[in-house]
Amino acid sequence: MLSNVKIPELSNPSVYMKNPKRVQEILQSMVKAGSNTVQVISDFDMTLTRFAFNGKRCPTCHNILDNSKLISEDCKEKLKELLNIYYPIEIDSSRSIEEKLPLMVEWWTRAHELLVQQEIRKDLLAMVVRESDAMLRDGYQLFFNHLHEHSIPLLIFSAGIGDILEEVILQAGVFHSNVKVFSNYMDFDESGVLRAFKGELIHIYNKREGALLNTGHFQELRTRPNVLLMGDSLGDLTMADGVQDMENIVKIGFLNDKVEERKQSYLDSYDIVLVKDETLEVPNAILLYLT
Ligand code: C5P
Ligand code: MG
C-alpha cells in the first residue's frame, strides 16, 4: 500500500483504518499545502497522557487531585463512588450521546462541588502533580518539541482541569509558546484557596460549544486550514468545529478501553484508530511526514 511506503508506522499492529487510501490522500494534500498551513488540536486525558502503565490505570487530571493528600479520606470515597458510577456510563457504547450528556454534566458538577469543599490551595498543586502517577505518552518530547520547532500551533482542548494539565506539561518541560489550552480552570480567592471553577463547564460532550465560544483563537489561525485532531472519546470529534475555512482534517482516535464494543464506532468516525497503543509513535510519524 502506498501509505505504508511513506509512513511505515501506519502498518503498526495497533493501527486500524476504515479507508487507508483516503487517509493517504488527505495527508498528501496536507503535505502539498505545507506545514505552515497545519494546526494540531488534541484532547489531553488519555490522549496525550497514558491510559495505563504496567497494567495499572494512569490518572486523569481529575484523578491526580482526587488521589492526592489535599483531599480528605471521606471526600476521596465520594469521588471514587462518582467515578464508579459515571465512568462506565462514559464508555458505554449502548447508550447514545443524548442519553449520556446530562449524566456527564452531573458527574462533572458533583465532582467540582466536592473539590471546592476541600479548600484546595493553589500553591500545593505543583507538589500534587509531582507526586502523582501522571504520565504523558511515550514520544511526547518529540511531539511537543517538533511542533514547537516548526511553529505549528497546538491547541490542547480538555474537559479535565486546566491548572493541573498545565502543571503536567510544565513539569515535563514541554509547555512551549506554541501551546494553547482550553479547559476548566480553577478560581482561587485572594488567599489562594479554591472557591469555584471559572466560566462555562467543559465536559466531554460539549467541546463543540467550547470551540465556538473561542472564535478569536481560530480566527488567529485562519491561515492554517489543515488540521490534525487527536482524541480518545467520540466527544473529541467536535473539537475542530471552530476552525475557519477548514480544508483537510485527519482524525486520530486512541481506543483505550472496551475495545471490542467500541471499535466499529471509532472506525466509523476516526480516520486512524490506535488500539491500546500507549505511544505517540503514529502521530509523530505523521508530523514528521508533514514537516
Ligand atoms: O482531557 P479530557 O477531555 O479527556 O478530560 C476528560 C476526562 O476526565 C474524561 O474522559 C473523564 O473520564 C475524566 N473525568 C474524571 N473525573 C471527573 C470527570 C471526568 O476522571 N470527575
Ligand atoms: Mg480524553
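What counts and how
- Residues numbered from 1 in each chain as written.
- Chains lettered and ligands numbered in written order.
- Predicted model: local features only at pLDDT ≥ 70, side-chain atom pairs only at ≥ 80, totals over all residues.
- Heavy atoms only, no water.
- Donors = N, O, S within 2.8 Å, 3.2 Å for Na, K, Ca; no water.
- Buried < 20%, exposed > 50% of the residue type's maximum accessible area, 1.4 Å probe, protein only.
- Phe/Tyr/Trp six-rings, centres within 6.5 Å; stacked < 30°, edge-to-face > 60°.
- Helix = DSSP H or I, 4+ residues; strand = E, 2+ residues; numbered from the N terminus.
- Lys NZ or Arg CZ within 6 Å of the ring centre and 35° of its normal.
- Near = heavy atom within 4 Å.
- Polar contact = N/O pair within 3.5 Å; in protein donor to acceptor, adjacent residues only side chain to side chain.
- Nonpolar A, V, L, I, M, F, W, Y, C, P; charged D, E, K, R; others polar.
- Axes fitted to C-alpha atoms, helices over the stretch in contact; angles between N-to-C directions.
- Parallel < 35°, antiparallel > 145°, perpendicular 65-115°, else oblique.
- Left-handed = near helix turned anticlockwise from the far one by under 90°.
- Contact = heavy atoms within 4.5 Å.
- 1 Å grid on protein atoms, 1.4 Å probe; cavity = no way out; pocket = protein on both sides within 12 Å on 5 of 7 lines; lining within 4 Å.
- Points joined across faces, edges and corners; volume = space filled by probe spheres on them.
- Expected span 1.5 Å × (residues − 1).
- Bend = angle between axes of the 7 residues up to and from the residue.
- Arc of directions from axis to C-beta.

Draft legend 1. Here's a closer look at the coordination of the magnesium ion (ligand 2). Around the magnesium ion (ligand 2), the donor atoms from the protein are Asp43 (OD), Asp45 (O) and Asp232 (OD), and they sit 2.0 to 2.2 Å away. For the magnesium ion (ligand 2), all donor residues lie on one chain, and their spacing in sequence is D-x1-D-x186-D. Residue Asp43 shares its accessibility class with Asp45, and that shared class is buried.

Draft legend 2. Representation of the packing of aromatic side chains in the model. This model, assessed by the stated rule, comprises 6 aromatic pairs. Aromatic pair Phe157 and Phe182: ring centres 5.4 Å apart, planes at 80°, arrangement edge-to-face. Placement of the pair is Phe157 in strand 5 (residues 154-161) and Phe182 in strand 6 (residues 179-184), with a sequence separation of 25 residues. Here a set of aromatic residues connected by ring pairs shows up, and it is made of Tyr86, Trp107 and Trp108. Stacked on the ring of Tyr87, the Lys or Arg Arg57 has its end atom at 5.3 Å from the ring centre. For Arg137, the ring lying beneath its charged end belongs to Phe254, and the centroid distance is 3.9 Å.

Draft legend 3. Spatial organisation of the site of ligand 1. Taken together, 15 residues sit near ligand 1, with Asp43, Thr60, Glu90, Ser158 and Ala159 positioned nearest. For ligand 1, an oxygen atom lies 2.8 Å from a polar atom in the side chain of Asp43. At 2.7 Å from an oxygen atom of ligand 1 is found a side-chain nitrogen or oxygen belonging to Thr60. The set of elements that each furnish at least two residues to the shell around ligand 1 consists of helix 3 (61-66), helix 4 (73-90), helix 5 (97-117) and strand 5. Split into classes, the residues belonging to the shell around ligand 1 amount to 6 nonpolar, 5 polar and 4 charged.

Draft legend 4. Just the packing of helix 4 against helix 5, in detail. Direction vectors running N to C along helix 4 and helix 5 enclose 165°, while the axes themselves pass 10 Å from each other. What the angle tells us is that helix 4 and helix 5 run roughly antiparallel. Here helix 4 runs over helix 5; the crossing is left-handed. The residues of helix 5 that touch helix 4, namely those facing Cys75, Lys78, Leu79, Leu82, Leu83, Tyr86, Tyr87, Ile89 and Glu90, are Lys100, Leu103, Met104, Glu106, Trp107, Arg110, Ala111, Leu114 and Leu115. Its residues assigned to classes, the contact of helix 4 with helix 5 comprises 13 nonpolar, no polar and 5 charged.

Draft legend 5. A look at the layout of surface pockets. When its volume is computed, the second largest pocket comes out at roughly 230 Å³. Taken together, 15 residues make up the lining of the second largest pocket; nearest its centre are Glu200, Ile202, Gly210, Leu213 and Asn214. Breaking the lining of the second largest pocket down by element, the ones donating at least two residues are strand 6 and helix 9 (207-213). The element that contributes the greatest number of residues to the lining of the second largest pocket is strand 6, accounting for 4 residues.

Draft legend 6. Representation of helix 4. Taking 1.5 Å per residue as the helical rise, helix 4 with its 18 residues ought to reach 26 Å, and the 25 Å between its terminal C-alpha atoms agrees with that figure. The sharpest bend along helix 4 measures roughly 25° and falls at Asn84, with the proline Pro88 sitting one to four residues further on. Of the positions making up helix 4, those classed as buried are Cys75, Leu79, Leu82, Tyr86, Tyr87, Ile89 and Glu90. If you follow the buried residues of helix 4, they end up packed against strand 4 (56-57), helix 3 and helix 5.

Draft legend 7. Summary view of helix 11 (residues 259-269). Along helix 11, the positions that sit buried rather than exposed are Val259, Arg262, Lys263, Tyr266 and Leu267. The buried side chains of helix 11 occupy one side of the element, clustering within an arc of 145° when seen end-on. For helix 11, the secondary structure elements touched by its buried residues are strand 1 (15-16), strand 10 (248-255) and strand 11 (272-275).

Draft legend 8. Up close: unusual backbone geometry. In this structure, Met46 is a non-glycine residue whose phi angle is positive, near 70°. Note on placement: Met46 falls in the loop between strand 2 (38-42) and strand 3 (52-53). By relative accessible area, which is 5% here, Met46 ends up buried. Non-glycine residue Asn54 carries a positive phi angle of around 50°. Note on placement: Asn54 falls in the loop between strand 3 and strand 4. For Asn54, a relative accessible area of 70% corresponds to the exposed category.

Purely geometric stuff here, so don't read any function into it on its own.
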